[in-house]
Amino acid sequence: MAASATGILNDRVAIVTGAGSGIGQAGAIALAREGAHVVVLDMSPEGCAQTLEFIKTVGGKAEAHVLDVRDDDALAQAIDGTAREHGRLDILHSHAGIQVAGTLEQVEPAGMDASWQVNVRAHFMAARLAMPHMRAQGGGSIIVTSSNSGVFYDHEMIAYTTSKHAVIAMVRQVAVDYGKYNVRVNALCPGWVDTPFNGPFIEQMGGRAAIEAYVKEKIPLGRWASAEEIAESIVYLASDRSAFMTGHALVLDGGEAIY
Ligand SMILES: NC(=O)c1ccc[n+]([C@@H]2O[C@H](COP(=O)([O-])OP(=O)(O)OC[C@H]3O[C@@H](n4cnc5c(N)ncnc54)[C@H](O)[C@@H]3O)[C@@H](O)[C@H]2O)c1
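These numbers come from a predicted model, not from an experiment. (Residues numbered from 1 in each chain as written. Predicted model: local features only at pLDDT ≥ 70, side-chain atom pairs only at ≥ 80, totals over all residues.)

Section: the overall build of the chain
Inference 1: The helix and strand tally for the chain stands at eight helices and seven strands.
Inference 2: Computed over C-alpha atoms, the radius of gyration of the chain comes to 17 Å, within 12% of the 18 Å expected from 2.2 N^0.38 for 259 residues, which places it in the range of a compact globule.
Inference 3: For the chain, the residues scored as buried account for 45% of the 259 residues in total. (Helix = DSSP H or I, 4+ residues; strand = E, 2+ residues; numbered from the N terminus. Rg over C-alpha atoms; globule rule 2.2 N^0.38 Å. Buried ≥ 20, exposed ≤ 12 C-beta atoms within 10 Å, placed from the backbone.)

Examining the site of the ligand
Inference 1: In the neighbourhood of the ligand, 27 residues make up the surrounding shell, with Gly18, Gly22, Gly97, Thr195 and Phe197 lying closest.
Inference 2: Among the elements that make up the shell around the ligand, the one with the highest residue count is helix 1 (residues 22-33) (three residues).
Inference 3: Residue composition of the shell around the ligand, by class: 10 nonpolar, 14 polar and three charged. (Near = placed C-beta within 6 Å. Nonpolar A, V, L, I, M, F, W, Y, C, P; charged D, E, K, R; others polar.)

Focus: the sheet that holds strand 6 (residues 183-190)
Inference 1: Spatial ordering of the open sheet is given by 3-2-1-4-5-6-7, a layout of seven strands whose pairing is parallel. Unpaired on one side and paired on the other, strand 3 (61-66) and strand 7 (249-252) mark the two borders of the sheet. Each adjacent strand pair in this sheet contributes to an overall mean axis angle of 15 degrees, direction not counted.
Inference 2: Here strand 6 runs beside strand 7; their pairing, made up of four bridges, is parallel. Within strand 7, the residue paired with Pro190 across the bridge is Leu252.
Inference 3: Relative to strand 3, helix 2 (residues 45-57) is tilted by about 180 degrees, and along the sheet it contacts strand 2 (37-42) and strand 3. (Pairing = 2+ DSSP bridges. Axes fitted to C-alpha atoms, helices over the stretch in contact; angles between N-to-C directions. Contact = placed C-beta atoms within 7 Å.)

Looking at unusual backbone geometry
Inference 1: Of note in the backbone geometry, Glu156 takes a positive phi value of approximately 55 degrees without being a glycine.
Inference 2: Tracing the sequence through the fold places Glu156 in the loop between strand 5 (140-145) and helix 5 (158-178).
Inference 3: Not every positive phi belongs to a glycine, and Asn182 is a case in point at roughly 65 degrees.

Examining the packing of helix 1 against helix 2
Inference 1: Contact pair helix 1 / helix 2: the axes reach a minimum separation of 9 Å and the direction vectors enclose 30 degrees. The angle between helix 1 and helix 2 falls in the class roughly parallel. Handedness of the crossing formed by helix 1 with helix 2: right-handed. For the pair helix 1 and helix 2, contact is made by Gln25, Ala28, Ile29 and Ala32 and by Thr51, Phe54 and Ile55, respectively.
Inference 2: Across the contact of helix 1 with helix 2, the residue classes tally to five nonpolar, two polar and no charged. (Parallel < 35°, antiparallel > 145°, perpendicular 65-115°, else oblique. Left-handed = near helix turned anticlockwise from the far one by under 90°.)

Here we look at the environment of Gly254
Inference 1: With respect to the helices and strands, Gly254 occurs in the segment after strand 7.
Inference 2: Note: C-alpha distance between Gly254 and Trp224 (30 residues apart in sequence) is 7.8 Å.

Re helix 8 (residues 227-238)
Inference 1: In this model helix 8 runs 16 Å from its N-terminal to its C-terminal C-alpha over 12 residues, within 8% of the 16 Å that 1.5 Å per residue would give.
Inference 2: Looking at the buried residues of helix 8, the elements they touch are strand 1 (13-17), helix 1, strand 4 (91-94), strand 5, strand 6 and strand 7. (Expected span 1.5 Å × (residues − 1).)

Let's talk about the nonpolar core
Inference 1: The biggest cluster of nonpolar side chains holds 65 residues, and the ones touching the most others in it are Ala14, Leu31, Val38, Val40, Ala130 and Ile234.
Inference 2: Take this core: its biggest share by element is nine residues, from helix 4 (residues 109-137).
Inference 3: Residues Val100, Val107, Met157 and Ile158 belong to the second largest nonpolar core, which totals six residues. (Core = buried A, V, L, I, M, F, W, Y, C linked by C-beta atoms within 7 Å.)

Below is the structure:
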């Protein structure tokens, strides 16, 4: 259903990585709905095109660049280019991530390296590239997607939990160092969200019925989140509604991490 932009992010410019599907896509749509001009970054051309189409239907403004967040030069071109073209950069949601499953002995060193590269290093690069623009204009909001696996421990997920914990440490350190520039940096920590990201795990668990039973038992709220529910928190972290929040790990997991 078409709806028009409501305005709490009017005149803001936002970049979202991994915005071609799932939580990143829902967040990009919500930021645009609230009036931001959204720059969609994703390695999937189809995902980029779909997100642009959805943003159009909510009356939002957006553009897209197909890139891999592991490519430093492409990331620099997109982030510096956005700031140059639009004259500002207010919001970075660095979202793209991967999940490599397994125990210490199961995960190959290459799986650990890949997890570090996408779940930590790519966020470091994106934030590092966005920071000079935000600092120069007197502030900004950086949101880095971690997971509730960044605040507690899963079974047999050494590469995932290690990288997701590490990126929260990075967020907190950047928040401490850049608060004086009015740049806020927070981590988004979702639990189970019904997106294609969980496809391989659902298969491993034995299909949809098995995962539904697992989710019902393990999560106090007894269900998955929708990507749209998580998107509301992305708008909150991006906007002045969270003006005094920095260095925070915002856990949205139906109570799973405390259960
Ligand atoms: N879905 C969940 O249950 C859940 C829970 C906690 C955390 N997360 C985190 O959210 C992020 C993604 O989850 P989602 O549910 O939105 O997934 P998704 O699979 O729906 O979407 C991920 C998007 O990221 C893009 N992408 C992946 N690697 C990329 C790369 N190297 N460069 C550019 N784009 C890339 C994909 O093309 C895809 O469009 C990850 O960081 C994940 O750890 C997800």
